[in-house]
Amino acid sequence: MAAEATAVAAAATGDDGDGDVTGDGSGAHGVGELTDLLGNVNLDRLSRVNGHINRMDLAALRRACRAADMSAAGSRAVLKRRLKEHSKQCVLDAMQGPARDRQASKWSSPPPEFDYICVIDFEATCEEGTREFPHEIIEWPIVLVNARTLKKEGEFHAFVKPVLNPVLSKFCSGLTGITQDQVDRADTFPEVLQRVEQWMTSKGLGTTHSFGLSSDGPWDFRNFLTLQCEISGISRPDWSLAWLDVRKAFSSRYNERCGVEAMLEHLGLQFEGRPHSGIDDTRNIARILAQLIVDGQPVQFNDRLHNHNLEVLKQRVRRALKQKAATSKSS
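Residues numbered from 1 in each chain as written. Predicted model: local features only at pLDDT ≥ 70, side-chain atom pairs only at ≥ 80, totals over all residues. Heavy atoms only, no water.

**Q** Please clarify how unusual backbone geometry should be interpreted in this entry.
**A** Both trends apply: most residues other than glycine have a negative phi, and most peptide bonds are in trans. Positioned with a positive phi, D69 is a non-glycine residue whose angle comes to about 60°. The topology assignment puts D69 in the loop between α4 (58–67) and α5 (76–94). Note on D69: relative accessible area 71%, which makes it exposed. Of note, H276 is a non-glycine position whose phi angle comes to about 75°, a positive value. The class of H276 is partly exposed, set by a relative accessible area of 38%. (Helix = DSSP H or I, 4+ residues; strand = E, 2+ residues; numbered from the N terminus. Buried < 20%, exposed > 50% of the residue type's maximum accessible area, 1.4 Å probe, protein only.)

Now the structure itself:
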């Protein structure tokens with residue numbers, strides 16, 4: 001590991017081995033010092049190594065990552081975190097015995113809480129400029145990711161027929177790309193939920209394999225699913241009460257809170273497909289999640305449904321149902 005760390009230092013500073021600096025060093029205080037720090041890194045020196053990493057520019061960070069056989073794709077924030085995790089590994093490789101075991105237990109990611117991840121990004125009815133709209137789910141996509149291999153092992157996709165506001169607004173169709181004909185021909189939410197659970201059973205989820213949900217932000221499971229179950233008059237599935245929020249995990253790991261396209265850009269990736277298409281958004285969120293896990297993100301829940309959210313959302317549904325009943329009566 002000392003030889004690899006020396007190569008990282010040389011690449012980071014542009015040192016080609018003859019003592020000359022071929023890059024700008026990006027704030028490093030000399031090739032020899034940085035090489036020494038990485039080549040002989042220990043717990044006491046780790047903060048100094050991290051200081052050097054903090055002063056590197058993007059080009060230097062990329063050279064350092066390549067030298068360590070790590071992905072060099074991503075923004076400066078992403079690559080700094082990646083190199084700092086690598087530096088921790090250098091420290092562990094230099095340690096032995098119980099001291100190493102104790103330090104490894106502090107730094108290592110916990111084992112996955114579940115075997116599979118169901119990544120979901122609902123699309124729902126909406127009106128431009130209306131904050132308290134009673135959203136109904138109109139597209140339910142799932143991308144199934146193996147939490148250990150990070151391979152995609154299946155997809156589910158269905159459109160859903162709304163009942164409270166069955167006619168999509170022009171704004172909604174324009175945003176999501178979902179047509180009136182697609183929702184008119186779709187099953188209602190309770191029927192789609194039954195199909196989802198049959199699909200989960202066919203994949204062994206909840207029986208042979210444990211699983212958890214994941215989404216971009218809290219809105220899909222906290223808001224959309226809660227509203228929809230209340231509108232449909234059905235109980236919320238037990239498996240939907242907690243989830244792995246990718247946006248929260250990204251912010252925690254890289255200190256950058258942003259949406260799907262910006263997260264992809266930070267990771268050196270491009271959005272594939274059509275934004276606000278549920279299935280395309282879900283596939284891209286799964287790509288972000290996979291890279292987060294590669295970079296050390298624990299596969300565990302980091303958000304859950306809180307009771308104080310429920311009454312506010314239920315009141316919104318009651319008002320919408322009352323309004324719909326009054327409209328039907330007057331007509």
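**Q** Quick question: what am I supposed to make of the packing of aromatic side chains here?
**A** Enumeration over the complete set of coordinates arrives at eight aromatic pairs. Taking the centre distance of 5.1 Å and the plane angle of 80° together, the rings of F122 and W140 count as edge-to-face. Here F122 is found in the loop between β1 (116–120) and β2 (123–124), whereas its partner W140 is found in strand β3 (residues 137–146), with 18 residues between them in sequence. We note that F122, like W140, is buried. The interplanar angle of 10° and the centroid separation of 5.6 Å between the aromatic rings of W140 and F189 together place this pair among those described as stacked. (Phe/Tyr/Trp six-rings, centres within 6.5 Å; stacked < 30°, edge-to-face > 60°.)

**Q** Is there a simple way to explain the nonpolar core in this structure?
**A** It is characteristic of soluble globular proteins that their nonpolar side chains tend to be buried jointly. C118, F122, W140, I142, F189, W199 and L205 are the most contacted members of the largest nonpolar core, which has 27 residues in total. When residues of this core are traced back to their parent elements, those giving at least two are β1, β3, β4 (152–161), α9 (189–202), β6 (211–215) and α10 (219–232). It is α9 that provides the largest number of residues to this core, a total of six residues. Look past the residues within four positions of F189 in its chain and what remains in contact with it is I137, W140, V160, K161, L225, Q228, C229, S232 and I234. Core analysis: the next-biggest nonpolar cluster, separate from the first, contains 25 residues, F114, A147, L244 and A249 among them. (Core = buried A, V, L, I, M, F, W, Y, C linked by side-chain atoms within 4.5 Å. Contact = heavy atoms within 4.5 Å.)

**Q** So what exactly am I meant to see when it comes to the packing of α5 against helix α11 (residues 246–254) here?
**A** Packed helix pairs are specified by the crossing angle of their axes together with the interaxial distance, meaning the distance between the axes. Direction vectors running N to C along α5 and α11 enclose 70°, while the axes themselves pass 9 Å from each other. As judged from the angle between their axes, α5 and α11 are roughly perpendicular. Of the residues in α11, those in contact with A77, V78, R81 and E85 of α5 are S252, R253 and Y254. By residue class, the composition of the contact of α5 with α11 is three nonpolar, one polar and three charged. (Axes fitted to C-alpha atoms, helices over the stretch in contact; angles between N-to-C directions. Parallel < 35°, antiparallel > 145°, perpendicular 65-115°, else oblique. Nonpolar A, V, L, I, M, F, W, Y, C, P; charged D, E, K, R; others polar.)

**Q** Where do I start with the pairing of β3 in this structure?
**A** In regular strands, side chains alternate between the two faces of the sheet. The buried fraction of β3 amounts to 10 of the 10 residues, a majority that puts the element mostly inside the structure. Of the strand pairs in this sheet, β1 and β3 are connected by five bridges, and their pairing is antiparallel. Considered in β3, the bridge of Y116 is made with N146. Where β2 lies against β3, two bridges are found, and the strand directions are antiparallel. Residue pairing in the sheet places A124 in a bridge with I137 of β3. With antiparallel pairing between neighbouring strands as the criterion, β3 and β4 make up a hairpin whose turn holds five residues, including L150 at a positive phi of roughly 65°. (Pairing = 2+ DSSP bridges.)

**Q** Explanation requested: the pattern of salt bridges in the structure shown.
**A** Opposite charge on two side chains makes pairing possible when the charged atoms of those side chains draw close. Enumeration over the complete set of coordinates arrives at 11 salt bridges. Two residues, R81 and E85, come together in a salt bridge whose shortest N-O distance is 3.1 Å. Here R81 pairs with E85, and both are found in helix α5, just four residues apart, close to one helical turn. Taking relative accessible area as the criterion, R81 reaches 24% and is therefore assigned partly exposed. Its salt-bridge partner being K152, residue E155 comes within 3.0 Å of it at the nearest N-O pair. A relative accessible area of 29% means that E155 is categorised as partly exposed. (Salt bridge = Lys/Arg side-chain N within 4 Å of Asp/Glu carboxyl O.)

**Q** What should I look at first to understand the pairing of β1 in this one?
**A** Among the five residues that make up β1, five are buried, leaving the element largely enclosed by the rest of the structure. Inspection of the sheet shows β1 paired to β6 by four bridges, in the parallel sense. The residue bridging C118 from the neighbouring strand is L213, located in β6.

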